[in-house]
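Analysis of the macromolecular model
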Amino acid sequence: MRLTAFNVKQQGHMRVLLVGMLLVAAMIAGVMSWQAMQKDFETLDGSQYRWSDFSGKWVVVNYFAEWCAPCLREIPELVAFHAEKPADTTIFAVSYDPLSKERIRELKDKYQIHLPLVVPDEKMIMPMERPPYLPATFIIGPDGRVKKTLMGEVSETLLSDTINALKSQSL
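Anyway, here's the lowdown on the structure attached to this text. Given the structure is predicted, the values throughout are model-derived calculations rather than measurements.

The rules we used
Residues numbered from 1 in each chain as written. Predicted model: local features only at pLDDT ≥ 70, side-chain atom pairs only at ≥ 80, totals over all residues. Heavy atoms only, no water. Axes fitted to C-alpha atoms, helices over the stretch in contact; angles between N-to-C directions. Helix = DSSP H or I, 4+ residues; strand = E, 2+ residues; numbered from the N terminus. Parallel < 35°, antiparallel > 145°, perpendicular 65-115°, else oblique. Contact = heavy atoms within 4.5 Å. Nonpolar A, V, L, I, M, F, W, Y, C, P; charged D, E, K, R; others polar. Pairing = 2+ DSSP bridges. Salt bridge = Lys/Arg side-chain N within 4 Å of Asp/Glu carboxyl O. Buried < 20%, exposed > 50% of the residue type's maximum accessible area, 1.4 Å probe, protein only. Expected span 1.5 Å × (residues − 1). Bend = angle between axes of the 7 residues up to and from the residue.

**Thoughts on the packing of helix α2 (residues 69-84) against helix α4 (residues 156-169)**
Running from N to C, α2 and α4 cross one another at 45°; their axes reach a closest spacing of 8 Å. Relative to α4, the element α2 is oriented oblique. Every residue of α4 that contacts α2 at Glu77, Leu78, Ala80, Phe81 and Glu84 is listed here: Glu156, Leu159, Ser160 and Ile163. Taken together, the residues that form the contact of α2 with α4 break down as five nonpolar, one polar and three charged.

So, in structure tokens, the structure goes:
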């Protein structure tokens, strides 16, 4: 093949185009990797969640603290709800106080909190404001919005009845 000025110029354009396409592909891969690493919150077992993971599902979020007597009384009720919850429902407990993973693990063992515990940190994203007092339980609907706030002690029956009522309203 005889190289002419036209062929050399054409090869140069192809190289520039190829390098440009590689740069765009690398940027897209970088953005996708960054998004995959983002989380809204993390649980004690290391699982990371985004609220978009729960699209179409019901989520119960309970704020508790060790110094809150009603919070400690309702823990067995929350655990019972967790064991019997509908398939389209998830529950999380969140420490009101910013505690380390080790301290949350101690509370889990001490109070037999057998449900997913959110590790509170400054990067945690929740669909509600931090409650003004405890205990506080929030029911988030399939659209990701808070549908009901229950301030005060809850029971397994109250949670089940409330979610069933909310589900019937959304039909």
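**Things to note about the environment of cysteine 68**
Position of cysteine 68 relative to the elements: it lies in the loop between β3 (58-64) and α2. Excluding anything up to four places from it in sequence, cysteine 68 contacts Leu134 and Pro135.

**Concerning the sheet that holds strand β4 (residues 89-95)**
In sheet architecture, strand pairing relies on hydrogen bonds along the backbone and comes in two forms, parallel and antiparallel. If you trace the five strands from one edge of the open sheet to the other, you get β5-β4-β3-β6-β7, paired in mixed fashion. Edge strands, defined here as strands with exactly one partner in the open sheet, are β5 (117-118) and β7 (146-151). Pairing of β4 with β5, which is carried by two bridges, proceeds in the parallel orientation. Note that in β5 the partner of valine 94 across the bridge is valine 118.

**Considerations on the pattern of salt bridges**
All told, the structure shown has nine salt bridges when counted by the stated rule. Its salt-bridge partner being glutamate 42, residue lysine 39 comes within 2.8 Å of it at the nearest N-O pair. Put simply, aspartate 88 and lysine 167 hold a salt bridge, and the shortest N to O gap is 2.8 Å. Taken together, the residues span a long stretch of sequence, with aspartate 88 in the loop between α2 and β4 and lysine 167 in helix α4 at a distance of 79 residues. Since its relative accessible area comes to 29%, aspartate 88 is described here as partly exposed. Each of Glu66, Arg103, Glu106 and Lys110 takes part in one network of salt bridges that share partners.

**Observations regarding the pairing of strand β6 (residues 136-140)**
Along β6, five of the five residues are buried, which leaves the element largely enclosed by surrounding structure. Side chains Ala136, Phe138 and Ile140 of β6 all project onto a buried face; the interleaved residues Thr137 and Ile139 project onto the opposite face, where all are buried too. In this structure, β6 lies alongside β7, joined through five bridges in antiparallel fashion. Across the sheet, residue threonine 137 finds its bridge partner in β7, namely leucine 150. In this structure, the hairpin formed by β6 and β7 is closed by a connection of five residues, where glycine 144 is found at a positive phi of approximately 85°.

**Re α2**
Relative to the 22 Å expected for 16 residues at 1.5 Å per residue, α2 spans 24 Å between its end C-alpha atoms, a close match to the ideal helical length. The sharpest bend along α2 reaches about 35° and sits at isoleucine 75, with the proline proline 76 one to four residues further on. Taken residue by residue, α2 has Cys71, Glu74, Ile75, Leu78, Val79 and Phe81 as its buried positions. For α2, the secondary structure elements touched by its buried residues are β3, β4, α3 (101-111) and α4.

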